[in-house]
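Letter by letter, the chains look like this.
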Amino acid sequence: MKKILYVDLDNTLVNFQSGIDRLGPEQVRGYENDLDEVPGIFSKMDPIDGALDAYRTLAAKFDTYILSTAPWKNASAWHDKVLWVQKHFGFEAESVAYKRLILSHHKNLNRGDFLVDDRDANGAASFEGEWIRYGTAPYEDWQAVTEYLLKRA
């Protein structure tokens, strides 16, 4: 039986800054402190280097899901996150991410062995399994995360 692995989207699989960089001044106006609430911002983001290959590699060894939070005040974010996963992993039943996207403000309610997430927000710090804080030592990049997790598969 495979262990359960959850992987966050924003700043873990997805380069959030790449979406911000594509916003025009008119889109930023009124959202200066809440750029995640800009309608459509999540459709503009690129994957983090190595993230897609790492997810595919890990999905072969783990029961793997994408576990993300979408801003409550940005309804397009919920839609755009699904489209992002479909665009980068495919929407066919054979895709490693097919129907494996969970959007929740309470990540700690999901049962599993590992959670890769860059922040302790939305229940990540209270996750019952092992929280792997992406982007911090010793998990600075996807190579380090993948090597660590493959030893625990």
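With an unreviewed UniProt entry as reference, the protein chain is termed 5 nucleotidase, deoxy, cytosolic type C, source organism Rhodococcus wratislaviensis. Among the UniProt annotations of the protein chain, the heading Sequence similarities (unreviewed entry) holds the following wording: "Belongs to the 5'(3')-deoxyribonucleotidase family."

Draft legend 1. The arrangement of the pattern of salt bridges in detail. Overall, the coordinates contain 6 salt bridges when judged by the stated rule. Between Arg 22 and Asp 46 there is a salt bridge, and its shortest N-O distance comes to 2.9 Å. Pair noted here: Arg 22 is in the loop between helix H1 (16–21) and helix H2 (25–28) and Asp 46 is in strand S3 (residues 46–47), with a separation of 24 residues, a long-range link. Looking at Asp 46, the relative accessible area reads 30%, which means it is partly exposed. The shortest N-O distance in the salt bridge between Arg 100 and Asp 63 comes to 2.7 Å. A residue pair is termed long-range when its members are at least 10 positions apart, and Arg 100 in the loop between helix H4 (75–89) and strand S5 (101–103) and Asp 63 in strand S4 (residues 63–68) qualify at 37 residues. On the basis of relative accessible area, Asp 63 is assigned to the partly exposed category, the value being 22%. Several salt bridges share partner residues, and in doing so they unite Asp 8, Lys 107 and Asp 117 into one network.

Draft legend 2. The arrangement of the sheet that holds strand S1 (residues 4–7) in detail. Here 5 strands make up an open sheet; going across it, the order is S5-S4-S1-S6-S7 and the pairing parallel. Each edge of the open sheet carries a strand with a single partner, namely S5 and strand S7 (130–133). Averaged over all neighbouring strand pairs, the angle between strand axes comes to 25°, with direction disregarded. As paired strands, S4 and S5 are joined by 3 bridges and run parallel to one another. Bridge assignment links Ile 66 to a residue of S5, and that residue is Leu 101. Against the sheet, H4 makes contact with S4 and S5, and its axis sits at roughly 160° relative to S5, the strand it touches most.

Draft legend 3. Looking closely at H4. In this model, H4 (15 residues) spans 22 Å end to end at C-alpha, consistent with the 21 Å of a helix rising 1.5 Å per residue. Every buried residue of H4 is listed here: Ala 77, Asp 80, Lys 81, Trp 84, Val 85, His 88 and Phe 89. Angular distribution of buried residues about the axis of H4 spans 140°; they occupy a single face of the element. Away from the buried face of H4 by more than 90 degrees, exposed residues Ala 75 and Lys 87 are located.

Definitions and cut-offs
- Residues numbered from 1 in each chain as written.
- Predicted model: local features only at pLDDT ≥ 70, side-chain atom pairs only at ≥ 80, totals over all residues.
- Heavy atoms only, no water.
- UniProt positions renumbered as here; feature names shortened; annotations may be inferred.
- Salt bridge = Lys/Arg side-chain N within 4 Å of Asp/Glu carboxyl O.
- Helix = DSSP H or I, 4+ residues; strand = E, 2+ residues; numbered from the N terminus.
- Buried < 20%, exposed > 50% of the residue type's maximum accessible area, 1.4 Å probe, protein only.
- Pairing = 2+ DSSP bridges.
- Axes fitted to C-alpha atoms, helices over the stretch in contact; angles between N-to-C directions.
- Contact = heavy atoms within 4.5 Å.
- Expected span 1.5 Å × (residues − 1).
- Arc of directions from axis to C-beta.

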